[in-house]
Amino acid sequence: MKNIVIGRYVPGNSFLYSMDPRTKLIALIVLMVAAFLIQSFAHMLVALLLVTSLLIFGKISVKRVYLGLRPLMFLLFFTFIFQILFNQEGDEIFVLPLHYTALSIFAAVAVAVFWFATKKRVRFKLLYFLITVVAIFAVFHFIDFGFLFARGTFRVFEEGLSTAFFIMVRLIIIIMLSTILTITTKPTDLNLGLERVLKPLGIVRINTEEIAMIISIALRYIPTLLDEANKIMLAQASRGVDFQEGKLKDKVVQIISLLVPMFIISFQRSDDLANAMEARSFVPGQPRTRLHVLTWKRLDTVAMVVSFLALTFVIVSRVVL
Amino acid sequence: MSVIEIENVSFTYHGDKRALDNVSLSIEKGEWVSILGHNGSGKSTLSKLIVGLLKPQSGTIRVDGITLSASTVRDIRKRVGIVFQNPDNQFVGVTVRDDIAFGLENLQIERPEMIERIEHYAKKVDMYPYLNKEPHALSGGQKQRVAIAGILAMKTDVIIFDEATAMLDPEGRERVMEFMRTLNREGTTIIPITHEMKEAVMSDRIVVLKDGKVLKADKSENILKDKETLERSNLELLLPLEIMHYMNENGIDNPSLKEFLWQLSLNG
Ligand SMILES: Nc1ncnc2c1ncn2[C@@H]1O[C@H](COP(=O)(O)OP(=O)(O)OP(=O)(O)O)[C@@H](O)[C@H]1O
Ligand SMILES: [Mg+2]
């Protein structure tokens, strides 16, 4: 549980770090909208290039962002495949005759089994999977002998390919941008920024300050609760609960033996905490002064202007094209 | 002048067993009064009543002459601070700095003054180098010192320590006791709540609670020696005083040894 990479602040020093969290939040939204509105292939590539250069100039390790992307790789990959297989609009741009013969089916299954057996030992899993898929297609295409059952064709349509491309690049851009935000902004600053950005919601009677207080207490207690969960797991393990493996029924017992004490302790804790807060003159909804203030710098104005210009450019080119 | 006056206060959580039963006591400004009692005797209940976290079913509580009520509770909390037992459950801020700031933010102290107080009181409890640290990087004793700084920064006249040293090691405990001494010397009214005789010896007065009632309230010297009261409230005599008692009961007369034992117990 200690290796959650997405949403982790990583200390560092660059213009992205010194930017106001409000700027980063608004810019994130503006740029996301822009990424969704881009229609031209070239613009999309330029956008991807720009976001990548943001990483480089912002001195963010590309590896960290890649680690943020990795859990979503398969999702990205499957949306891509899905679009290519099922979107059949536009011109045919690629046609591959396939032959389902006894021999080719056998060979394809063999390739798949081989992939399955060896995939744990390969470093670049996704690449390995891609090669396997290509290999299976190759098998069906080239092995046209040995008791033919049926023929088929694998078709890629223009629309399918371009939709797949757009969806994928958009998702990558969005994930990259939000990873940049969380890597360069302390959770407390992010929380404060969110509180300020959402302040207008006060009009509809949503008290953003209270929400921010809840989030900050949650942030404060997450490590404590994780510690506690670890302790309980050790305590239960010493009483014979096996957390490592087991069937579904055992899993249920494990989870209950963890959750019940967690709940009881958390209630005690929140009771104590509420008392301590109240005793220190906290009254929900009352005005408070704040230790942390956000300062708007020239850099923030520049960043804001650039993001809105990017959005305007995308909208204009969409209208003109 | 009395800073805290409690008159005929009773409190029941639910059911009919009273957690506090007709308690009256008053505490003078600048005094150091320990509240001593066995588990479940109502000590924590009393401290929660004083700052208005609980509302008594009957009786009145006055702080600095202000009678506690829904409309004065905020004034009273400006005057009385509590350090609770569990260092983890009273750490509100994400960092030490934020935690000390919490109370000040609530009191709407202006930012420059807030920063000044945070630094001053962090230095006072020796936590200045840790200002940017998060609570899980601190020991229990350090967290407890942060809690103390948080209360000190609010400049309350009275500080209640509700078993604030119970979860600390001897060294952490000694440091907290040291703060109590310094603060008391500087004029703050100190009210430690404990079930350990050792922690009460340094106080001016001791109030002994038993089953929600005040069993006895007297100068520390007198309570320390009062074997009967202590036994009735399931508390233990300090070891040197136990020896002294034995000497008295068996007619062993040795004034210099008795004097020595007495000094020993006063020094904790
Ligand atoms: N939240 C509660 N709900 C119901 N009963 C409670 C609650 N808190 C305390 N009590 C009961 O009230 C009585 C006094 O409790 P209190 O916590 O004041 O004792 P204490 O002297 O502080 O004990 P300890 O030394 O264990 O802290 C006890 O009998 C306890 O069981
Ligand atoms: Mg208690």
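Residues numbered from 1 in each chain as written. Chains lettered and ligands numbered in written order. Predicted model: local features only at pLDDT ≥ 70, side-chain atom pairs only at ≥ 80, totals over all residues. Heavy atoms only, no water.

Let's talk about empty space enclosed by the protein
Residues and elements named next belong to chain A.
- Going through the model one piece at a time under the given rule, you end up with 2 cavities of 30 Å³ or more.
- Of the pockets and cavities examined, the largest cavity occupies roughly 50 Å³.
- Looking at the largest cavity, the residues that line it are Leu37, Ile38, Gln39, Ser40, His43, Val314, Ser317, Arg318 and Leu321.
- Top element by residues in the lining of the largest cavity is helix H11 (residues 298-320). It accounts for 3 residues. (1 Å grid on protein atoms, 1.4 Å probe; cavity = no way out; pocket = protein on both sides within 12 Å on 5 of 7 lines; lining within 4 Å. Points joined across faces, edges and corners; volume = space filled by probe spheres on them. Helix = DSSP H or I, 4+ residues; strand = E, 2+ residues; numbered from the N terminus.)

Remarks on the side chain of Ser216 of chain A
- Along the chain, the position of Ser216 of chain A falls in helix H9 (residues 208-238).
- Since its relative accessible area comes to 17%, Ser216 of chain A is described here as buried.
- Once residues within four sequence positions are removed from consideration, Ser216 of chain A is found in contact with Asn191 of chain A together with Val94 of chain B. (Buried < 20%, exposed > 50% of the residue type's maximum accessible area, 1.4 Å probe, protein only. Contact = heavy atoms within 4.5 Å.)

Describing the domain arrangement of chain A
- According to the domain assignment, chain A contains domain 1 (1-186 + 295-321) and domain 2 (208-284).
- Distance from the C-alpha centre of domain 1 of chain A to the C-alpha centre of domain 2 of chain A: 37 Å. (Domains from an automatic or database assignment.)

Description of the domain arrangement of chain B
Residue and element names in this part refer to chain B.
- Domain annotation for chain B reports domain 1 (1-79 + 156-220) and domain 2 (90-148).
- Put simply, the middle of domain 1 and the middle of domain 2, counted by C-alpha atoms, are 24 Å apart.
- Contacts between the two partners involve 8 residues from domain 1, matched on the other side by 9 residues from domain 2.
- Between domain 1 and domain 2, a total of about 820 Å² is buried, with carbon and sulfur atoms accounting for 66% of that surface.
- Three residues stand out in domain 1 for area buried against domain 2, namely Leu168, Arg175 and Phe179, and they jointly supply 51% of the buried area on that side.
- Between domain 1 and domain 2 we count 2 salt bridges in total. (Buried area = accessible area lost by both parts, 1.4 Å probe. Salt bridge = Lys/Arg side-chain N within 4 Å of Asp/Glu carboxyl O.)

Looking at the pattern of salt bridges
- Counted by the stated rule, this structure contains 29 salt bridges over all chains.
- The residue Asp64 of chain B makes a salt bridge to Lys29 of chain B at a minimum N-O spacing of 3.3 Å. Here the residue Asp64 of chain B occupies a position in the loop between strand S4 (58-63) and strand S5 (66-67), and Lys29 of chain B occupies one in the loop between strand S2 (18-28) and strand S3 (33-37), the gap between them amounting to 35 residues.
- The partly exposed category is assigned to Lys29 of chain B, whose relative accessible area is 44%.
- The partner of Glu196 of chain B in a salt bridge is Arg173 of chain B, and the shortest N-O contact between them spans 3.4 Å. With a gap of 23 residues between them, Glu196 of chain B in the loop between strand S8 (189-194) and helix H7 (197-200) and Arg173 of chain B in helix H6 (residues 170-185) connect regions that are remote in the sequence.
- By relative accessible area, which is 28% here, Glu196 of chain B ends up partly exposed.
- The class of Arg173 of chain B is buried, set by a relative accessible area of 17%.
- Look at the salt bridges and you will find they share partners, linking Glu195, Lys199, Glu209, Arg288 and Arg290 of chain A together with Glu105 of chain B into a network.

A few points about the interface of chain A and chain B
- The interface is formed by 27 residues belonging to chain A together with 35 residues belonging to chain B.
- On the chain A side of the contact with chain B, Arg220, Arg280 and Leu291 of chain A bury the most area, a combined 30% of that side's loss.
- Joining chain A to chain B, the criterion identifies 5 salt bridges.
- Between Arg288 of chain A and Glu105 of chain B there is a salt bridge whose closest N-O contact spans 2.9 Å.
- On the surface where chain A and chain B come into contact, there are 19 residue pairs in polar contact (both at pLDDT 80 or more). (Polar contact = N/O pair within 3.5 Å; in protein donor to acceptor, adjacent residues only side chain to side chain.)

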